[in-house]
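The chain contents come next:
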Amino acid sequence: MTRTIVGPFNRVEGDLEVRLETGDGVVREARVTTPLYRGFEQILVGRAPADALVIAPRICGICSVSQSMAAVAALRALSGTVAAPNGVLAANIAHAAENIADHLTHFVVFFMPDFARPDYAGAAWHPAAAERFAAETGAASAEILPVRARLLHVMGLIAGKWPHSLAFQPGGTTRALDLGARMRLAGIWRDFRAAFERIVLGVPVEDFLAIETAGALAAYAEAGRADLPHFLRIAAATGCDRLGRGPGPLMSFGAYHGEDGALFAGGLTEPSDGWRPLDPDRIAEDLSHAWMQDGPALHPARGETRPDVDRPEGYSFAKAPRLDGRPVEVGAVARQAVDGQPLIRALLERDGATTVTTRILARMVETARLVLAVEGWVRALDLREAFCAPEAVRYGDGAGEGLVEAARGALGHWIAVRGERIQRYQIVAPTTWNFSPRDAAGRPGPLEQALVGTPVGDQPGRAVAVQHVVRSFDPCMVCTAH
Amino acid sequence: MADRSTLLWLQAGSCGGCTMAVLECGARGWSAELNAVGIDLIWHPSVSLATGAEVIERLERIESGAEPLDILCLEGAVLCGPNGTGRFNRFAGTDRTMLDWVRALAPRAGTVVAVGSCAAFGGIPAGDPDPTDARGLQHTARGPGGVLGTDFRARSGMPVINVSGCAPHPGWIMETLEAVAAGLIGPGDLDALGRPRFFADHLAHHGCSRNEFYEFKASAERPSDRGCMMENLGCKATQAVGDCNQRSWNGGGTCTDGGYACVACTAPGFENIRGFLATPKIAGIPVGLPLDMPKAWFVALAALSKSATPKRVRDNARADRPVVPPGRGPGTR
């Protein structure tokens, strides 16, 4: 057995270190470390409840709208506020824009550059991949980053600015869009759809979403010239469709909540099994291997955050969230699987697990579905009506739970208020689930499991397969321990 | 430009938001933009290929002086806790803290740029009770100092340039880097807190689309009202530096145009405002008045302007859209 520390692990969000035990050319065990702690849950205590709308989004500059939405949902639950329907639609549009920006940035800027590595020189597909996807100089990032910037003009209209907006309030959103703004919004979205279809899918969104079987996907991959079919061909050639297996269960809190429920349903599923309802009361955060003071595994509504860097068993600032005592995988692949998206379900049933390929593919499937959803939300705005409920929001003593989906998966905020001040604020972020350390029973977190069996050759520290597996989760380490 | 500059970008106690902002720069993407202004990116945690040992070796070469470095950007607060050890933020893959790395690398840099209010002053992580002892490079939330100390000067002789903001405007970051690379920024181009004057010589209030409401003290009362947000909704735009409302964000937005208060995110200590969305008052008069306005004058002028407010302005201030259009007739008193 050889021990290797991999880090700094870049092109992920924030600081990540992975410790590998390897033997016979594969990973035997992995331990995942989040080496940064900023203390948001401590900083929030003692403040006025509404100040969470300023502090909590700043956990993360990548998914600040998601953090806002979770804080808003928790404050809405606490105060019993009913949001204006236009505000819900506008917030969903902004949230979708952020999540899509994340998915695209991850695909082109974070994930694909590994295929341009010299490790693959000699492969028939390598010269084209290097030209297209090389870090910094690749043609794909030069095309996608301006598309991302234009997409984020949605934030200028709805959110004032991005990241870190205060437009998302329990009563709705703070800027009532007028007819001109609505037309500008529709124009941004039209531009985005055209760019996404041209650069990433190579086909209209509707045609892409008609692909429902592994066979049809293979035909699409073979015929297509855009970046997603390009990835699928490389993935098949490099074995990414067998790499980084996540046996589940997969969990989603449900995404884009509106008057008719969630666009993507919440729940629980196994790769080879059907949907089950989710009971968020069964969540508990285990502290046994975190750099936290010892304590029982507690539901976040009762949880504590007291760091202890000298904890002997600790190896990460991340706690280990568990559902019914089990680690669960979250993210776009979980969201689409739980919602029953046919292609993602078909691939998971075939493979019996999530893989590097399905995680990447699910983000683009989700983006395609969001293109259609946002078009509907823009149409559904009723410009004669308010965007923010007129009633003053009052926060009495009590508790609130805000469960939303960020790009990377299930995000929960739990707030308790007493005497007009925040008494407890606990956050469980998507990467806290995926990159959690072991729990008291010794069960590894999802990435720790998915890395086992990854081929590393004789240089585990430079193994490109490890890079693929880790990045396939699109981790956000700044969210993880916050 | 004959000479090119090298840039190393590190993240300490950060949310990554400054990087997310700067990625909006450039018609052909940020990498092409850096290249075009003569900056060679040695390493950035979000965009570079190099990982693990390759990176550490490179940083060690810079630390030893074997490889020169022109610009060091730090995003995120430097976490000094617990007990001065810096162990709340270890640089992954090394046994060293980011505090240690920053102190080792900053003296080697031609110019040091703090990107964002965290690296400049401590930012949100320094919020009470400041659980990680978070500080900026050359300032803290409470005053000068920071982890490099008041007397720190980079090789160029410049103090740390503080591109504050949470997150800063992408243009503030990129134009600063470009000016540094071009050798066009000197100590006189910074304000007393080390912020580039091209954005810090303005107030966020300048160019605010609500200025007519401000003039007449026609105030918003609820979120999404169109009136001035200073009197009731906590807006600090008359006290916070930034050309936010002159250049605008994300294709045309700003905080105040977006319908919510300026929280003074470019200022040290903004994180400890209590009640961001409400205006503290004594005897009905806001405590935080415009930076350079005598209180008595403000009170007198406010009373006068309130008495002269046109009906259009008064009614529109308390609505989420214009309810009285400009023009003679219904708009007059």
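Conventions and cut-offs
- Residues numbered from 1 in each chain as written.
- Chains lettered and ligands numbered in written order.
- Predicted model: local features only at pLDDT ≥ 70, side-chain atom pairs only at ≥ 80, totals over all residues.
- Heavy atoms only, no water.
- UniProt positions renumbered as here; feature names shortened; annotations may be inferred.
- Helix = DSSP H or I, 4+ residues; strand = E, 2+ residues; numbered from the N terminus.
- Buried < 20%, exposed > 50% of the residue type's maximum accessible area, 1.4 Å probe, protein only.
- Contact = heavy atoms within 4.5 Å.
- Pairing = 2+ DSSP bridges.
- Buried area = accessible area lost by both parts, 1.4 Å probe.
- Salt bridge = Lys/Arg side-chain N within 4 Å of Asp/Glu carboxyl O.
- Polar contact = N/O pair within 3.5 Å; in protein donor to acceptor, adjacent residues only side chain to side chain.
- Nonpolar A, V, L, I, M, F, W, Y, C, P; charged D, E, K, R; others polar.
- Patch = residues over 30% accessible without salt bridge, like charges linked within 9 Å, V, L, I, M, F, W, Y side chains within 5 Å.
- Areas by Shrake-Rupley, 256 points an atom, 1.4 Å probe, with all protein chains shown as cover.
- Axes fitted to C-alpha atoms, helices over the stretch in contact; angles between N-to-C directions.

For chain B, the name recorded in an unreviewed UniProt entry is hydrogenase (acceptor), with Prosthecodimorpha staleyi as its organism. The Sequence similarities (unreviewed entry) field of the UniProt record for chain B holds the comment "Belongs to the [NiFe]/[NiFeSe] hydrogenase small subunit family." Of chain B, the UniProt comment under Subcellular location (unreviewed entry) reads exactly: "Cell envelope".

With an unreviewed UniProt entry as reference, chain A is termed Nickel-dependent hydrogenase large subunit, source organism Prosthecodimorpha staleyi. Looking at the Sequence similarities (unreviewed entry) heading of the UniProt record, one finds this comment for chain A: "Belongs to the [NiFe]/[NiFeSe] hydrogenase large subunit family." What the UniProt record of chain A gives under Subcellular location (unreviewed entry) is the line "Cell envelope".

### Regarding unusual backbone geometry
For the peptide bond that leads from W162(A) to P163(A), omega is -5°, which places it in the cis range. Looking at where P163(A) falls in the secondary structure, it is placed in the loop between helix 7 (153-158) and strand 4 (168-169). Look at the link from D128(B) to P129(B): it is a cis peptide, with omega at 10°. In this structure, P129(B) sits in the loop between helix 5 (117-121) and strand 6 (134-135). One non-glycine residue, S248(B), lies in the positive phi region at around 65°. Among the secondary structure elements, S248(B) is positioned in the loop between helix 9 (244-247) and strand 8 (281-282). With a relative accessible area of 22%, S248(B) lands in the partly exposed category. Not every positive phi belongs to a glycine, and A264(B) is a case in point at roughly 60°. Its location among the elements puts A264(B) in the loop between helix 9 and strand 8. According to the relative accessible area criterion, A264(B) is buried, its value standing at 9%.

### Observations concerning the UniProt feature "domain: Cytochrome-c3 hydrogenase C-terminal" (unreviewed entry) in chain B
The feature "domain: Cytochrome-c3 hydrogenase C-terminal" (unreviewed entry), as given by UniProt, occupies residues 202-272 of chain B in the numbering adopted here. Helix makes up 13% of residues 202-272 of chain B and strand 0%, and the two end C-alpha atoms of the span are 23 Å apart.

### As for the UniProt feature "binding site: Fe cation" (unreviewed entry) in chain A
Residues and elements named next belong to chain A. The UniProt feature table records "binding site: Fe cation" (unreviewed entry) at C63 and C479. The largest pairwise C-alpha distance within this set of annotated residues, which runs over 417 residues, is 8.8 Å, so the set is compact in three dimensions. Tracing the chain through its elements places C63 in the loop between helix 2 (52-55) and helix 3 (64-79). If we skip the residues at most four places from it in the chain, C63 touches E98, D102, A406, R408 and C479. With relative accessibility at 1%, the residue C479 sits in the buried group. Every residue in contact with C479, bar those within four places of it in the chain, is listed here: I59, C60, C63, Q67, A429 and T432.

### A word on the UniProt feature "binding site: [4Fe-4S] cluster 1" (unreviewed entry) in chain B
The UniProt record annotates "binding site: [4Fe-4S] cluster 1" (unreviewed entry) at C15(B), C18(B), C118(B) and C166(B). Spanning 152 residues, the annotated positions come together in the fold, the maximum distance between their C-alpha atoms being 9.9 Å. Mapped onto the secondary structure, C15(B) falls in the loop between strand 1 (5-11) and helix 1 (17-22). Other than its neighbours up to four places away in sequence, C15(B) contacts R38(A), R58(A), I59(A), C60(A), G61(A), I62(A), H164(A) and V478(A).

### Quick notes on the pairing of strand 14 (residues 409-418) of chain A
Residues and elements named next belong to chain A. When you tally the buried positions in strand 14, you get 9 out of 10 residues, the bulk of the element. Where strand 13 (residues 398-406) meets strand 14, 9 bridges bridge the pair, whose relative direction is antiparallel. Bridge pairing in strand 14 places G400 opposite I415. What sits between strand 13 and strand 14 in their antiparallel hairpin is a turn of 2 residues. Two elements, strand 14 and strand 15 (residues 421-428), share 7 bridges in a ladder whose sense is antiparallel. By the bridge assignment, R418 is partnered in strand 15 with R421. Between strand 14 and strand 15, which pair antiparallel and follow one another directly, the connecting turn spans 2 residues, one of which, G419, has a positive phi of 60°.

### With respect to the interface of chain B and chain A
The interface of chain B with chain A comprises 77 residues on the first partner and 80 residues on the second. Summing both partners gives a buried area of about 6000 Å² for chain B against chain A, and 56% of it is carried by carbon and sulfur. Our count for the contact surface shared by chain B and chain A stands at 2 salt bridges. The partner of E17(A) in a salt bridge is R90(B), with the nearest N and O atoms 2.9 Å apart. Where chain B packs against chain A, one counts 33 residue pairs in polar contact (both at pLDDT 80 or more). Contributions of two or more residues to the side of chain B that touches chain A are made by helix 1, helix 2 (30-36), strand 2 (39-43) and helix 3 (53-64) of chain B. In terms of residue count, the dominant contributor to the side of chain B that touches chain A is helix 3 of chain B (5 residues). Residue classes in the side of chain B that touches chain A are distributed as 37 nonpolar, 27 polar and 13 charged.

### Some words on the side chain of R182(A)
Structurally, R182(A) can be placed in helix 8 (residues 179-201). Setting aside chain neighbours within four positions, we find R182(A) in contact with V378(A), R379(A), L381(A) and L383(A).

### Observations concerning a nonpolar patch on the surface
A contiguous nonpolar patch, built from W297(B), L301(B) and L304(B) and spanning about 360 Å² of accessible area, is present on the exposed surface. For L304(B), the position within the fold is in helix 10 (residues 295-307).

### Looking at the sheet that holds strand 7 (residues 161-163) of chain B
Residues and elements named next belong to chain B. The 5 strands lie next to each other as 2-1-3-5-7, forming an open sheet whose pairing is parallel. Taken across any chain shown, the strands that pair with only one partner, and hence form the sheet edges, are strand 2 and strand 7. The average undirected angle you get between the axes of adjacent strands in this sheet is 25°.

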